[in-house]
Amino acid sequence: TMLTLNERVESRLRLPGVEVIPVEAESTVAQFDLSLDLEEGEGDVSGALGYATALFDRSTAQRYAGYWLCVLQAMAADERLPLAQLPLAD
């Protein structure tokens, strides 16, 4: 399992006489059994959940995403809440 949190940085490569356009690349191969990649921007957090289809089906991955969302919402609602008291489900 892998959890990453990155800061979104908007930058463009500038080359004289060349127009450079960023392209979003999607990975179709899971590098970990389960991964949650979060990216923090200006006032928001976006993310992607990746999973090994040989180990998890779509409904299981969606259920795990729901657990993460519940934990993250509880952390945002009360930053003083001890980790042991964070809910895993509504």
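To start, this report covers the structure provided alongside it. (Residues numbered from 1 in each chain as written. Predicted model: local features only at pLDDT ≥ 70, side-chain atom pairs only at ≥ 80, totals over all residues. Heavy atoms only, no water.)

Looking at the overall build of the chain
Then step 1. Scanning the chain for helices and strands turns up one helix and three strands.
Then step 2. Helices and strands appear in the chain in the N-to-C order β-β-β-α.
Then step 3. A burial count over the chain gives 13% of its 90 residues as buried.
Then step 4. Of the contacts made within the chain by residues no fewer than 6 positions apart, 37% connect residues no fewer than 24 positions apart.
Then step 5. Of the roughly 7,800 Å² of accessible surface on the chain, 53% is carried by carbon and sulfur atoms.
Then step 6. Counting 6 positive and 15 negative side-chain charges, the chain places the centres of these two groups 2 Å from one another. (Helix = DSSP H or I, 4+ residues; strand = E, 2+ residues; numbered from the N terminus. Buried < 20%, exposed > 50% of the residue type's maximum accessible area, 1.4 Å probe, protein only. Contact = heavy atoms within 4.5 Å. Areas by Shrake-Rupley, 256 points an atom, 1.4 Å probe, with all protein chains shown as cover. Lys, Arg positive; Asp, Glu negative; His and termini not counted. Charge placed at Lys NZ, Arg CZ, Asp CG, Glu CD.)

Quick word on the packing of aromatic side chains
Then step 1. Here the structure, examined in full by the defined rule, presents two aromatic pairs.
Then step 2. Geometrically, the ring pair formed by Phe56 and Tyr64 is edge-to-face, given 5.7 Å between the ring centres and 75° between the ring planes.
Then step 3. Among the residues examined, Phe56 registers a relative accessible area of 18% and is labelled buried.
Then step 4. Taking the relative accessible area as the measure of exposure, Tyr64 reaches 25% and is therefore partly exposed. (Phe/Tyr/Trp six-rings, centres within 6.5 Å; stacked < 30°, edge-to-face > 60°.)

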